[in-house]
Amino acid sequence: MRQLFKVFGEHPDKAISLYREGHDKDEVFSRTGMTIGVCDASFDVQEGEIFVVMGLSGSGKSTLVRMLNRLIDPSAGEIIVKGADIARMSEKELNTFRRDHISMVFQSFALMPHMTVLQNTAFGMELSGIPQDKREERARVALEQVGLAANEQSYPNELSGGMQQRVGLARALANDPTILLMDEAFSALDPLIRTEMQDELLELQAKEKRTIIFISHDLDEAMRIGDRIAIMQGGVVVQVGRPDEILNNPANDYVRSFFRGVDVSTVISVADIATKRQVTVVERDGNLRSARERIAGADRDFAYVVDKSQKFLGIVSAESLEREMKSADPQIARAFLPGIEPLRADQRIGEAIGPVNAAPAGLPVIDANGRYLGVVSRAVLLGALTRETEDV
């Protein structure tokens, strides 16, 4: 998305010119009577991520997401997907693009009360002229994905609010979209059901990565599901980044106010705080003595053993090495401390408190391929919690 504007009024070019000359939204309105809903928005969304756009009511977030599929036509700017500019597509090209690549889930369930769950799920495909047997087959697959396979013959008034929203999600998934737009999709639900739907979305995303642009005014929701977050203020995108990046470096007081009081233990990952100040040794036959000498020379109690590709193998101590060196056939693997479970890079520091406190040594952090990223000790963990709490 590049330099995207939406002006509500008859002469948007005049309003955009004034804005680009340095006049703010209020000055543009007083001069022209036109309202700028989205101002010069530019950002990239990575394929396969959940990208959350959030802001207060009137910040422009819903206007922004509706421009991404041209439910609202932009006044200026580009929306590039797979090399094509949605903003300049003809009506025929746009309809084809929507059918092949994009689906939307709204806050309102928008279910037809006289249709069954299966019929509601297949409704969009019916409008596209897809044959009944094919659309019902795809609808059943989508209902299976959201856990409603047993309810396909039910009617909307027989379902709870959460189940109705699952039907709305299934209807969007039935088109097998490349991009899923979700505008305040869960905000009408009770808190418990809302959390369940967030879990459902994360589970679906883990199984089949889609590009999801999710609009929300709820910070907890944004932090919980978003890979990255864009904060909007008065139609302007004021900051884009990972939750921890925005938390640690808010762009202005508006962003800072959003994050005031956030429980950082649920935001910061162990990979963000892992250190590499500990002794590491590469596993080789006969290197027990050098490993012990390195521990002693660094005035440490433990060493972290990796293979040649930096995959974590285990932790040894000076004592465990001494014992193994007395055996007939010393092997470093037999000197590993028992019961050590590495931390996953994406685990939040709140999840690590118990394991780190219970471990005899700082716990290693590994990536998805098992590669060693560093260590989280009690001191590092406490320092991160204390520092982040003070910063917020």
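Residues numbered from 1 in each chain as written. Predicted model: local features only at pLDDT ≥ 70, side-chain atom pairs only at ≥ 80, totals over all residues. Heavy atoms only, no water.

S.K.: What should I look at first to understand the environment of Asp26 in this one?
M.R.: You can see Asp26 is positioned in helix H2 (residues 25-32). Along the primary structure Asp26 and Ile36 are separated by 10 residues, whereas in three dimensions their C-alpha atoms are 9.0 Å apart. (Helix = DSSP H or I, 4+ residues; strand = E, 2+ residues; numbered from the N terminus.)

S.K.: I tried to follow the side chain of Lys6 on my own but got confused; where do I start?
M.R.: Tracing the backbone through its elements, the reader meets Lys6 in strand S1 (residues 2-8). Lacking a salt bridge, the buried Lys6 has Asp73 as its closest oppositely charged neighbour, with an N-O distance of 6.6 Å. Every residue in contact with Lys6, bar those within four places of it in the chain, is listed here: Thr35, Ile36, Gly37, Val38, Thr63, Met67, Ile72, Asp73, Pro74 and Ser75. (Buried < 20%, exposed > 50% of the residue type's maximum accessible area, 1.4 Å probe, protein only. Lys, Arg positive; Asp, Glu negative; His and termini not counted. Salt bridge = Lys/Arg side-chain N within 4 Å of Asp/Glu carboxyl O. Contact = heavy atoms within 4.5 Å.)

S.K.: Whenever I open this one, the pattern of salt bridges confuses me. Can you help?
M.R.: Where side chains of opposite charge bring their charged atoms close, a pairing between them can arise. In the structure shown here, the tally under the stated rule is 21 salt bridges. The partner of Glu203 in a salt bridge is Lys207, and the shortest N-O contact between them spans 3.5 Å. On the criterion of helical spacing, the pair formed by Glu203 and Lys207 is a turn pair, its members being four residues apart in helix H8 (residues 191-207). Taking relative accessible area as the criterion, Lys207 reaches 63% and is therefore assigned exposed. Residue Asp346 is joined to Arg344 by a salt bridge in which the shortest nitrogen-to-oxygen separation is 3.3 Å.

S.K.: Before we go on, may I ask you to explain the pairing of strand S7 (residues 102-105) in this structure?
M.R.: On S7, burial covers both faces: Ile102 and Met104 on one face and Ser103 and Val105 on the other are all buried. Taken together, the four bridges between S7 and strand S8 (residues 179-183) define a ladder with parallel strand orientation. For Val105, the partnering residue across the bridge sits in S8 and is Met182. (Pairing = 2+ DSSP bridges.)

S.K.: Even after reading the chapter, I still don't get the sheet that holds S7, so can you show me in this structure?
M.R.: To summarise the sheet geometry, strands pair through backbone hydrogen bonds and adopt either a parallel or an antiparallel arrangement. In space, the six strands of this open sheet follow the order S7-S8-S9-S3-S10-S11, with mixed pairing throughout. Lying at the two open borders of the sheet, with one neighbouring strand each, are S7 and strand S11 (236-241). Neighbour-to-neighbour, the strand axes of the sheet open up by a mean angle of 15°, direction not taken into account. The strands that helix H4 (residues 91-101) touches are S7 and S8; relative to S7, the one it contacts most, it runs at about 75°. (Axes fitted to C-alpha atoms, helices over the stretch in contact; angles between N-to-C directions.)

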